[in-house]
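Listed below are the residues making up each chain.
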Protein chains: 2
Amino acid sequence: MATLQLYGRERSGEGDPMTTVGIFVFPGVEELDFAGPWEVLRAWERLQPDDGQHVALLAQHDGPVDCVLGLRVTPQLTWATSPPLDVLVYPGGQGTVAQLGDETIRGWVRGLAAAGTLMTSVCTGALVFADAGLLDGRPATTHWASLDRLASLGCDIELRPDDRFVDDGDVITSAGVSAGIDMALHLVARLAGDDHARQVRRYMQYDPAPPV
Amino acid sequence: MATLQLYGRERSGEGDPMTTVGIFVFPGVEELDFAGPWEVLRAWERLQPDDGQHVALLAQHDGPVDCVLGLRVTPQLTWATSPPLDVLVYPGGQGTVAQLGDETIRGWVRGLAAAGTLMTSVCTGALVFADAGLLDGRPATTHWASLDRLASLGCDIELRPDDRFVDDGDVITSAGVSAGIDMALHLVARLAGDDHARQVRRYMQYDPAPPV
């Protein structure tokens, strides 16, 4: 079994679920922002269950969530029922706009970060991290159309517009929408090694060839 | 407005919805197989509504559908409530295995094809097309692990293992899982021109860079 290089925790025993990954969804979340990492991380769980991970969809409240393009999904966990998270994936989407300045969201995000959760974002999920103060003085990225806004939400955020994702240790931010797939594969590589990440990539036949 | 080059139909009037795209979901569907095309095609609808398209998630029956990796989604349409489809996207996933030899599925697929629906598949969705006889004597592809099975389900199917997708006019098949993103961008390009497809690609920031 690959050694888990999980931020802030150590594996308690062989076979115990250890790495709890919560993928957050909310009204107005962008579909591929979460569905890309979901596919990568759940496929990893299916292919390599001995890595001791558990990946779940997580919402603030119970019940179905309406995504920005009209997809309706039902999460497995809520803030109330979720176990402690080792990794959070915070997707973007138009729904993040209403979350900026929201003290409930800020408190939840800061609480997870303070507890040692590895904080990862896709697209404009980074705006929420910045708004909670997580990105001050750090390198980060977001969707190309939100780079200026990202900078305005924090102090001395070092924008990385050309990076697909930025791994700054306990915080990882990604570029827009589809970049979450690349970030999630990096996450598997970081947590379980390149070989396991390559197996997921092969399973997904992720040899992208944009036709335009 | 770009000219719609839609298979088998002509646009009836400026501003009328014309291109109805149904993305089929079923128990055991692979998440990214449908979520990739969903993101591409719904983003196209948001960015370029004057192209006259409508994209919906479609299931056989009413109610939520459980995908193979555990995502639960609620479709907008059922076979009973769906308008005539100009384009069908048939994703793959473990759930396709139970559909092979199923006369209800065969009849639905054959009926759509006979009515002039542009039939597109992702991953092992191609197995269902082959099982319904749609791929006999044609070039086609599917997930790398299902190529032999695809050949065994039809007569003289010309396998294209190295193609990301195969456009054979009224039938388009794609390689595994993530290939549906590339196929859907091709579909936008075919229906509405390269410029509109490029706008969708830009919106999704689809500049993939697999890290492993």
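Residues numbered from 1 in each chain as written. Chains lettered and ligands numbered in written order. Predicted model: local features only at pLDDT ≥ 70, side-chain atom pairs only at ≥ 80, totals over all residues. Heavy atoms only, no water.

Peer 1: In this structure, what is going on with the nonpolar core? I would like to understand it.
Peer 2: A general trend in soluble globular proteins is that nonpolar side chains are found buried together. Judged by nonpolar contacts, the single largest core of 138 residues is most densely connected at A:Phe34, A:Leu41, B:Phe34 and B:Leu41. Aside from chain neighbours lying at most four places away, what touches B:Phe34 is A:Leu71, B:Ile23, B:Val25, B:Val29, B:Leu57, B:Cys67, B:Leu71, B:Val73 and B:Pro91. (Core = buried A, V, L, I, M, F, W, Y, C linked by side-chain atoms within 4.5 Å. Buried < 20%, exposed > 50% of the residue type's maximum accessible area, 1.4 Å probe, protein only. Contact = heavy atoms within 4.5 Å.)

Peer 1: How do you make sense of the relation of the copies chain B and chain A when you look at a structure like this?
Peer 2: For these two chain copies, the linking operation is a rotation about an axis paired with a shift along it. The transformation that overlays chain B on chain A combines an axial shift of 0.0 Å with a rotation of 180°, and the residual RMSD is 0.0 Å. On this basis, the relationship between the two copies can be described by a two-fold rotation axis. Minimal C-alpha distance to the rotation axis in chain B is attained by B:Val73, lying at 2.3 Å. Comparing contact sets, 100% of the residues at the interface of chain B also lie at the interface in chain A, consistent with an isologous, same-surface contact. (Least-squares fit on C-alpha atoms with pLDDT ≥ 70 in both.)

Peer 1: What should I look at first to understand the packing of helix α1 (residues 31-47) of chain B against helix α6 (residues 194-203) of chain B in this one?
Peer 2: All names here are of chain B. Relative to each other, α1 and α6 sit at 110°, their axes nearing to 9 Å. Compared by their axis directions, α1 and α6 come out roughly perpendicular. Here α1 runs over α6; the crossing is right-handed. For the pair formed by α1 and α6, the contact residues are Glu39, Val40, Ala43, Trp44 and Leu47 on the first element and His196, Gln199, Val200 and Tyr203 on the second. Each residue belonging to the contact of α1 with α6 can be placed in one class, and the counts come to six nonpolar, two polar and one charged. (Axes fitted to C-alpha atoms, helices over the stretch in contact; angles between N-to-C directions. Helix = DSSP H or I, 4+ residues; strand = E, 2+ residues; numbered from the N terminus. Parallel < 35°, antiparallel > 145°, perpendicular 65-115°, else oblique. Left-handed = near helix turned anticlockwise from the far one by under 90°. Nonpolar A, V, L, I, M, F, W, Y, C, P; charged D, E, K, R; others polar.)

Peer 1: What is the right way to read helix α2 (residues 103-114) of chain B from this model?
Peer 2: Residue pairs spaced three or four apart in an α-helix point in one direction, given the helix's 3.6 residues per turn. Residues and elements named next belong to chain B. Over its 12 residues, α2 runs 16 Å from end to end, which matches the ideal 16 Å to within 8%, given 1.5 Å per residue. Ile105, Arg106, Trp108, Val109 and Leu112 are the residues of α2 that are buried. For α2, the buried positions fall inside an angular range of 165° around the axis, keeping them on one side. Counted as exposed and oriented over 90 degrees from the buried face of α2: Glu103 and Ala114. For α2, the secondary structure elements touched by its buried residues are β1 (19-24), β2 (53-59), β6 (87-90), β7 (118-121) and α3 (125-131). N-cap assignment for α2: the residue whose side-chain oxygen lies 2.8 Å from the backbone N of threonine 104 is aspartate 102. Positive backbone phi, at 95°, marks glycine 116, one or two positions downstream of α2. (Expected span 1.5 Å × (residues − 1). Arc of directions from axis to C-beta. Polar contact = N/O pair within 3.5 Å; in protein donor to acceptor, adjacent residues only side chain to side chain.)

Peer 1: What should I look at first to understand the pairing of β7(B) in this one?
Peer 2: Residues in a regular strand project their side chains so that they alternate between the two faces of the sheet. Residues and elements named next belong to chain B. Here β7 shows a buried face lined by Leu118 and Thr120 and a second buried face lined by Met119 and Ser121. Of the pairings in the sheet, the one linking β6 to β7 comprises four bridges and is parallel in character. What sits directly across from valine 89, in β7, is threonine 120. Regarding the hand of the β-α-β motif, the stretch spanning β6, α2 and β7 is right-handed. (Pairing = 2+ DSSP bridges. Right-handed = clockwise from strand over helix to strand, strands pointing away.)

Peer 1: When you look at the environment of B:Leu147 in this model, what are you seeing that I'm missing?
Peer 2: If you trace the backbone, B:Leu147 turns up in helix α4 (residues 147-152). Not counting the four nearest positions on each side in its chain, B:Leu147 is found in contact with B:Thr141, B:Thr142, B:Leu159 and B:Pro161.

Peer 1: In this structure, what is going on with the packing of aromatic side chains? I would like to understand it.
Peer 2: Centre-to-centre distance and the angle between the planes together describe a pair of aromatic rings. Residue and element names in this part refer to chain A. The tally for this structure, following the rule as stated, stands at 14 aromatic pairs over all chains. For the pair phenylalanine 24 and tyrosine 90, a centre-to-centre distance of 5.1 Å together with 65° between the ring planes defines the contact as edge-to-face. Linking phenylalanine 24 in strand β1 (residues 19-24) with tyrosine 90 in strand β6 (residues 87-90), this pair joins segments that are 66 residues apart in sequence. The class for phenylalanine 24 is buried, based on a relative accessible area of 1%. (Phe/Tyr/Trp six-rings, centres within 6.5 Å; stacked < 30°, edge-to-face > 60°.)

Peer 1: Even after reading the chapter, I still don't get the packing of helix α1 (residues 31-47) of chain A against α1(B), so can you show me in this structure?
Peer 2: Where α1(A) contacts α1(B), the two axes come as close as 10 Å, and the packing angle between them is 160°. Considering their axes alone, α1(A) and α1(B) lie roughly antiparallel with respect to each other. With respect to the hand of their crossing, α1(A) and α1(B) are arranged in left-handed fashion. Side by side, α1(A) and α1(B) meet where A:Glu31, A:Leu32, A:Ala35, A:Gly36, A:Trp38 and A:Glu39 of the first sit next to B:Glu31, B:Leu32, B:Ala35, B:Gly36, B:Trp38 and B:Glu39 of the second. Looking at side-chain class alone, the contact of α1(A) with α1(B) contains six nonpolar, two polar and four charged residues.

Peer 1: Just checking my understanding: could you explain the interface of chain B and chain A for this structure?
Peer 2: A common way to state how big an interface is: give the accessible area lost once the parts meet. If you look at the interface, chain B gives 49 residues, while chain A gives 49 residues. Summed over both sides, the interface of chain B with chain A buries roughly 4,300 Å², with 59% coming from carbon and sulfur. On the chain B side of the interface with chain A, the three residues burying the most area are B:Leu69, B:Gln205 and B:Val212, jointly 18% of the side's total. Taken together, the links from chain B to chain A amount to zero salt bridges. For the pair chain B and chain A, the interface holds 34 residue pairs in polar contact (both at pLDDT 80 or more). (Buried area = accessible area lost by both parts, 1.4 Å probe. Salt bridge = Lys/Arg side-chain N within 4 Å of Asp/Glu carboxyl O.)

Peer 1: When you look at the sheet that holds strand β2 (residues 53-59) of chain A in this model, what are you seeing that I'm missing?
Peer 2: Through backbone hydrogen bonds, the strands of a sheet pair up, either in parallel or in antiparallel fashion. Residues and elements named next belong to chain A. If you trace the seven strands from one edge of the open sheet to the other, you get β5-β2-β1-β6-β7-β11-β10, paired in mixed fashion. Of all strands in the sheet, those bounded by a partner on one side alone are β5 (77-78) and β10 (165-167). Strand direction decides the pairing type here: β1 and β2, joined by six bridges, are parallel. Pairing of threonine 19 across the sheet is with glutamine 53, part of β2. Running at roughly 150° to β2, α1 makes contact with β1, β2 and β6 of the sheet. Against the sheet, helix α2 (residues 103-114) touches β1, β2, β6 and β7 (118-121), its axis set at about 145° to β6.

Peer 1: Before we go on, may I ask you to explain the confidence of the model for chain A in this structure?
Peer 2: When pLDDT drops low, the exact placement of atoms in the prediction is not to be read closely. All names here are of chain A. Taken as a whole, chain A shows an average pLDDT of 93; of its residues, 92% reach a score of 70 or greater. Contacts for the low-pLDDT stretch residues 1-13, under 50 throughout, to residues beyond four places or in other chains number 37 contacts. Interface confidence for the predicted complex, expressed as ipTM, amounts to 0.92; the pTM equals 0.93. (pLDDT = per-residue confidence, 0-100.)

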